[in-house]
Amino acid sequence: GMADYEEMRAKLGRKLVDQYEEAEGFLREGSETEKAVDLLESALKETSESFPESIKASASYAELLLSYGKALLQTLREQETEDALLGPEVLKSIEAKDAAEEANDKEAEASKADGEGEDKLEDEEAGEEEAESEEADGDGEEGEGAEDAQDGDAQVSFELAWEQLENARVIFDSLSERKDHRLADVLETLGDFSMENDNFELAAKDYQAAIDVRLKIESQESRAIGGLHHSIYLALRRIDPLKAIDSLNRAIQLFDRRIAKAKEENRLEDAEGETSLSNEMKEEVKAFADAIDKATNGAVSGVGFGAQAAEESKDALTVQPRKKAKLDSSADAKESSDAAGASDQKTEG
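Conventions we followed
- Residues numbered from 1 in each chain as written.
- Predicted model: local features only at pLDDT ≥ 70, side-chain atom pairs only at ≥ 80, totals over all residues.
- Heavy atoms only, no water.
- Salt bridge = Lys/Arg side-chain N within 4 Å of Asp/Glu carboxyl O.
- Helix = DSSP H or I, 4+ residues; strand = E, 2+ residues; numbered from the N terminus.
- Buried < 20%, exposed > 50% of the residue type's maximum accessible area, 1.4 Å probe, protein only.
- Expected span 1.5 Å × (residues − 1).
- Phe/Tyr/Trp six-rings, centres within 6.5 Å; stacked < 30°, edge-to-face > 60°.

1. Looking at the pattern of salt bridges
Argument step 1. Applying the stated criterion across every chain, the model contains 23 salt bridges.
Argument step 2. Ionic pairing is found between glutamate 196 and arginine 77, a salt bridge with its closest N-O pair at 3.2 Å. With a gap of 119 residues between them, glutamate 196 in helix H7 (residues 180–196) and arginine 77 in helix H4 (residues 59–113) connect regions that are remote in the sequence.
Argument step 3. Residue classification places glutamate 196 among the buried positions, given a relative accessible area of 14%.
Argument step 4. Here arginine 178 and aspartate 173 are joined by a salt bridge, their closest N and O atoms 3.3 Å apart.
Argument step 5. Connected through salt bridges with shared partners, the residues Glu166, Arg169, Asp173, Arg178 and Asp180 form a single ionic network.

Now the structure itself:
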């Protein structure tokens, strides 16, 4: 489900919603994330300043918060990817160089102030030597300072992102006119946030909460629910392999039922697209089970492994999962528009 643009325009006016739409476009394309952050920051600021306090309990305000949270999360991901591409060694030496330059600048200034012109060169050389030895040690105070500053910035961004998402969740959860498809989106984004923060247990809970909300408003066979089962698998792979496999199998079964239905209704293109997704997941089950077998020296066979084996395999798993199943949002949007009809016919189970 998408945000209700018409409702937002009625509430916030065209200008702010145009800013919101532009930012959403950047986030969908995965480009210009910084611009999206700026647009949403300014839209939130203007909303706070130009409207009565009650605006902060509206769905329109929650949409701005949700997008801002997503944009901040995307910025953190991009930073992480950049760091990974540079590699820790390159980063350390860049930070040490920056720190050394800073140390030299400080010393140069100090010697100027004290009028110790002759010692300046010696001081700078000493500063350089010191910085070089810090670089070699890899744990010089200045080097650590640069690293701490970077960690500090990331921590602030993490907290800021979490605040936006949590506020959006509270607003959507307390609306008298329910917007549960939007609440589910917030819960899923909170799950993504927890994954980014390596809080896997909480991520799995958030994804499950999103499933529970979606089950109230759409068919049990919805594509979004299948994607959430896959997300729970990704969250639990390293901390609870048994439950992880169970979630992955649920996703596979759901997609297989969707494929059968699509074939029945002669929607062959849909069936084809989802068959390749299901096959990928089946390969993943096999690779994951093999990895656990390997990690436990063949003490386990196939997928029916015991708790002890799961315990032993926690740290030893090396198979890299595919990324979160990226589901086609247009198919999703079409589905939510049919949701009302689907929820009447949904089966129990």
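Back to the text.
2. Some words on helix H10 (residues 241–264)
Argument step 1. With 24 residues, H10 extends 35 Å from end C-alpha to end C-alpha; this agrees with the ideal 34 Å at 1.5 Å per step.
Argument step 2. For H10, the complete set of buried residues consists of Pro241, Ala244, Ile245, Ser247, Leu248, Ala251, Ile252, Leu254, Phe255, Arg258, Ile259 and Ala262.
Argument step 3. Positive phi appears at asparagine 266, one or two residues downstream of H10, with a value of about 60°.

3. Observations concerning the packing of aromatic side chains
Argument step 1. Per the counting criterion, the structure on display carries 3 aromatic pairs.
Argument step 2. With centroids separated by 5.5 Å and ring planes inclined at 70°, the aromatic side chains of phenylalanine 158 and phenylalanine 193 adopt a geometry described as edge-to-face. You can see phenylalanine 158 sitting in helix H6 (residues 141–174) and its partner phenylalanine 193 sitting in helix H7, a full 35 residues away along the chain.
Argument step 3. Note on phenylalanine 158: relative accessible area 10%, which makes it buried.

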